[in-house]
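# Topology and contacts: notes
As a plain string of letters, each chain reads:
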Amino acid sequence: MSDVQAGPGQVRHGPVDDGERAGKTRVEVLTPRDVPLGGPRAMSVRRTLPQRTRTLIGAWCFADHYGPDDVARTGGMDVAPHPHTGLQTVSWLFSGEIEHRDSLGSHALVRPGELNLMTGGHGISHSEVSTPRTTVLHGVQLWVALPDEHRHTAPDFQHHVPEPVHVDGAVIRVFLGALAGAVSPVRTFTPLLGAEITLPAQASLTLSVDPRFEHGLLVDRGDVRLAGSLLRPAELGYLRPGAGTLTLRNESSQPARTVLLGGTPFEEEIVMWWNFIGRSSQDIAQARRDWTEGRRFGEVTGYAGDPLPAPELPTVPLKPRRNRH
Ligand code: MN
């Protein structure tokens, strides 16, 4: 037998889509790391953003994916009151129910297919606890960085239930931005897209998207090919701006579920630490002091337990991070 090892310049075999041939749609696959949320039995989440190679996708700066968890075994979610500044949080569930309480006095149940968007702005605090009737907890928690001119905006809490859109057997729920003819009425501070997309077994779907947007496709279940690259469950495929369409193909023999994130590249440098986003180490130290000394973030009523103490700040100054292009 002769050695037919590939050398440089070898023709690549197998399907290559047009965008990939044009060098535009190479997918960067971000794999998750497991992070314990804390608490007595420490439910853990799979975090794909931020990571060393990528801080943001649009203004999306944090992506935690969890479950399906048997709550009888993991203890579910019990996150005591904690503060946020400079960001919005998006809770999106596939299964289960979470009770949200915040310092504005909001008391809401987060349910599958329903967007709960909390704007931290200058300062808010909240608690998140899975309800006693929850048996399986499964969903994502996402954060959006606020642009400098709005990062001290008033805190806010919004609830929205998107009408599902059906396209070629796929079901699309657009919770932020616009896709497949659906437009979310929820206000964002930068151009953003957030949508849940489910695909039948072996189905393909091509969607028109804003070519100014970069995108991230988080796969919850199924093996999904995006612009030629196969993404496994819990992986996040990143696509740089420039594509006018996205093609998703479910290569598994069961339905696939994904969350598509997008936005125009966020050009500001940010400093992220614990639950705060600022622009400098000083911003973060001030936010930590305000939380520790009981200012700025209000109070959550109705949570059985103490608020979360802030961790110690690192002894070296926190480094600003920016998007890599
Ligand atoms: Mn939170």
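Everything below is about the structure printed above this text.
An account of the accompanying structure is given in this report. Note that the structure is predicted; figures quoted are calculated from it, not measured. (Residues numbered from 1 in each chain as written. Predicted model: local features only at pLDDT ≥ 70, side-chain atom pairs only at ≥ 80, totals over all residues. Heavy atoms only, no water.)

### What to know about the sheet that holds strand 7 (residues 98-102)
For clarity, the threshold we go by: At least two bridges found by DSSP between two strands are what make those strands a pair. Secondary structure follows DSSP: runs of H or I at least 4 residues long count as helices, runs of E at least 2 residues long count as strands, and numbering of each begins at the N terminus. Each axis is a line fitted through C-alpha atoms, and for a helix only the stretch in contact is used; angles between axes span 0 to 180 degrees, taken between their N-to-C directions.
Ordered by their spatial adjacency, 4 strands build an open sheet running 5-10-7-8, and the pairing between neighbours is antiparallel. Looking at which strands have only one partner, the edges of the open sheet turn out to be strand 5 (78-84) and strand 8 (107-110). Within the sheet, the average angular offset between the axes of one strand and its neighbour, ignoring direction, is 20°. Relative to strand 8, strand 7 runs antiparallel, the two being bridged by 4 bridges. Its bridge partner lying in strand 8, His100 is registered against Ala108.

### Some details on the packing of aromatic side chains
Put simply, the rule is: Only Phe, Tyr and Trp rings take part, Trp by its six-membered ring, and two of them pair if their centres are within 6.5 Å. Stacked means planes under 30 degrees apart, edge-to-face means over 60, and tilted covers everything else. A 1.4 Å probe rolled over the protein chains alone gives each residue an accessible area, and that area as a share of the maximum for its type sets the label: buried under 20%, exposed over 50%, partly exposed in between. Here, over-ring charges are defined by two tests on the NZ atom of lysine or the CZ atom of arginine: distance to the ring centre within 6 Å, and angle to the ring normal within 35 degrees.
In the structure shown here, the tally under the stated rule is 7 aromatic pairs. Taking the centre distance of 5.5 Å and the plane angle of 90° together, the rings of Trp274 and Phe276 count as edge-to-face. Overall, the relative accessible area of 0% leaves Phe276 in the buried class. Site record: aromatic cluster; members linked through ring pairs are Trp273, Trp274, Phe276, Trp291 and Phe297. Just above the ring of Tyr238 sits the side chain of Arg54; from NZ or CZ to the centre is 3.6 Å. For the cation-ring pair, Arg257 lies above Phe94, with the distance from its terminal atom to the ring centre recorded as 4.2 Å.

### Considerations on the coordination of the manganese ion
Inclusion rule: Because water is not among the atoms used, a metal site may look incomplete, as its donors are only the N, O and S atoms within 2.8 Å, or 3.2 Å for Na, K and Ca.
Here the manganese ion is held by His82 (NE2), His84 (NE2) and His126 (NE2), and the distances to it run 2.1 to 2.2 Å. The motif formed by the donor residues of the manganese ion, counted along the single chain, is H-x1-H-x41-H. Residue His82 is found in strand 5, and its partner His126 is found in strand 10 (residues 124-130); the two are separated by 44 residues along the sequence. One exposure class covers both His82 and His126, and it is buried.

### With respect to the nonpolar core
To keep it simple, the criterion reads: Within this scheme, the nonpolar core is defined by two criteria: the residues are buried Ala, Val, Leu, Ile, Met, Phe, Trp, Tyr or Cys, and they are joined through side-chain atoms within 4.5 Å. Throughout, a contact is declared for two residues whenever any of their heavy atoms are within 4.5 Å.
Residues Trp60, Cys61, Val90, Leu115, Leu142, Phe175 and Leu176 are the most contacted members of the largest nonpolar core, which totals 33 residues. Looking at this core, the elements with two or more residues in it are strand 4 (60-70), strand 6 (87-95), strand 9 (115-119), strand 11 (136-145), strand 14 (170-176), strand 22 (236-239) and strand 24 (256-263). It is strand 11 that contributes the most residues to this core, 5 residues altogether. With near-sequence residues (within four places) excluded, Leu176 lies in contact with Trp60, Val90, Leu115, Ser184, Val186, Thr188, Leu192, Leu193 and Gly194. Grouped together as the second largest cluster of nonpolar side chains are 27 residues, Leu179, Leu207, Ala227 and Leu260 included.

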